[in-house]
Amino acid sequence: MTTEDNKPPVKTANQRGAARLAAVQALYQMDIGGTGVLEVVAEYEAHRLGQEIDGDTYLKADASWFRSIVAGVVRDQTVIDPLIRQALQDDWSLSRMDSTVRAILRAGAFELLERKDVPIAVIVTEYVEIAHAFFEDEEPKLVNAVLDRIAKQVRVQTVK
């Protein structure tokens, strides 16, 4: 009685998307619970990525992509957070922002900085879609605008 046989195979791009979503969730968990990077990465790899939890099956994710984002955000946060602050409107502060939005922006900014092999449009679109998974109103628009501003700032040198 399972419909597993009717599901199409998971494509590599979908595995990266699942890794991005898991990375945002892990960054959120670290932000809220104060969990360390090694602990959270181990938990996700052992119990969440591609696993079933409480009847919900998590998508198969590119584990190395996931690790790269989470560890990179933690490692480069002193560079990433000021970039996000500069891209926000003057009346917004990073600390005032919803933790999920903050995690989405940090992960997206990390990829814009470090993954020059991935087109800007792919990164921005993926993180806007993640924002849509959590929010209906202004947050996806904010994610789009902030990541677009960051992309224009950090990818300028590569357009020559």
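Bear in mind the structure is a predicted one, so any value in this text is a computation, not a measurement.

Calculation notes
Residues numbered from 1 in each chain as written. Predicted model: local features only at pLDDT ≥ 70, side-chain atom pairs only at ≥ 80, totals over all residues. Heavy atoms only, no water. Axes fitted to C-alpha atoms, helices over the stretch in contact; angles between N-to-C directions. Helix = DSSP H or I, 4+ residues; strand = E, 2+ residues; numbered from the N terminus. Parallel < 35°, antiparallel > 145°, perpendicular 65-115°, else oblique. Contact = heavy atoms within 4.5 Å. Nonpolar A, V, L, I, M, F, W, Y, C, P; charged D, E, K, R; others polar. Salt bridge = Lys/Arg side-chain N within 4 Å of Asp/Glu carboxyl O. pLDDT = per-residue confidence, 0-100. Polar contact = N/O pair within 3.5 Å; in protein donor to acceptor, adjacent residues only side chain to side chain. Buried < 20%, exposed > 50% of the residue type's maximum accessible area, 1.4 Å probe, protein only. Arc of directions from axis to C-beta. Expected span 1.5 Å × (residues − 1). Core = buried A, V, L, I, M, F, W, Y, C linked by side-chain atoms within 4.5 Å.

**Regarding the packing of helix α4 (residues 77-87) against helix α5 (residues 99-114)**
Then, in step 1: Contact pair α4 / α5: the axes reach a minimum separation of 10 Å and the direction vectors enclose 105°. The orientation of α4 relative to α5 falls into the category roughly perpendicular. Two secondary-structure elements touch here, α4 through Gln77, Val79, Ile80, Asp81, Leu83 and Ile84 and α5 through Leu105, Arg106, Ala109, Phe110 and Leu113.
Then, in step 2: Grouping the amino acids of the contact of α4 with α5 by side-chain chemistry returns eight nonpolar, one polar and two charged.

**Comments concerning the pattern of salt bridges**
Then, in step 1: In the structure shown here, the tally under the stated rule is eight salt bridges.
Then, in step 2: Via salt bridges that share partners, Arg20, Glu111 and Glu126 belong to a single interconnected network.

**Observations concerning the confidence of the model for the protein**
Regions with low pLDDT should not have their predicted coordinates read in detail.
Then, in step 1: Model confidence for the protein is summarised by a mean pLDDT of 80, while 77% of its residues fall at 70 or above.
Then, in step 2: Across residues 1-12 the pLDDT falls below 50, and counting only partners more than four positions away or on other chains, this stretch makes two contacts in the model.
Then, in step 3: Note that pLDDT drops below 50 for residues 53-57; the model gives that stretch six contacts with residues more than four away or on any other chain.

**Some words on the side chain of Arg155**
Then, in step 1: Mapped onto the secondary structure, Arg155 falls in the segment after α7 (139-154).
Then, in step 2: In terms of polar contacts, Arg155 uses its side chain to reach the backbone carbonyl oxygen of Val118, at 3.2 Å.
Then, in step 3: Among all residues touching Arg155, those that are not within four sequence positions of it are Glu111, Leu112, Arg115, Lys116, Val118, Pro119, Ile120 and Ile123.

**Side note on α4**
Then, in step 1: Regarding α4, the residues found buried are Ile80, Asp81, Leu83, Ile84 and Ala87. Buried residues of α4 fall within an arc of 160° about the axis and therefore sit on the same side. Exposed residues pointing more than 90 degrees away from the buried face of α4 are listed as Thr78 and Gln86.
Then, in step 2: Next to the buried residues of α4 lie α3 (63-75), α5 and α7.

**Some details on helix α6 (residues 120-134)**
Then, in step 1: In a regular helix each residue adds 1.5 Å, so 15 residues correspond to 21 Å; α6 covers 22 Å between its end C-alpha atoms and thus fits that length.
Then, in step 2: Along α6, the residues classified as buried are Ile123, Val124, Tyr127, Val128, Ile130 and Ala131. Looking down the long axis of α6, one finds its buried residues gathered within 155° of arc, a one-sided arrangement. Opposite the packed face of α6, turned more than 90 degrees from it, sit the exposed residues Ala121, Glu129 and Ala133.

**Some points on the nonpolar core**
Then, in step 1: Ranked by internal contacts, the top residues of the largest apolar core, which has 44 residues, are Ile84, Tyr127, Val143 and Ile150.
Then, in step 2: Secondary structure elements with two or more residues in this core: α1 (12-33), α3, α4, α5, α6 and α7.
Then, in step 3: Setting aside anything within four residues of it in sequence, one finds Val143 in contact with Val101, Ile104, Leu105, Tyr127, Val128 and Ala131.

**Re the side chain of Arg106**
Then, in step 1: In this fold, Arg106 is placed in helix α5.
Then, in step 2: Take Arg106: its relative accessible area is 11%, and that puts it in the buried class.
Then, in step 3: In this structure the side chain of Arg106 is engaged in a polar contact, spanning 2.8 Å, whose partner is the side chain of Asp81.
Then, in step 4: Those residues in contact with Arg106 that lie beyond four places of it in its chain are Asp31, Val73, Gln77, Ile80, Asp81, Ile84 and Leu94.

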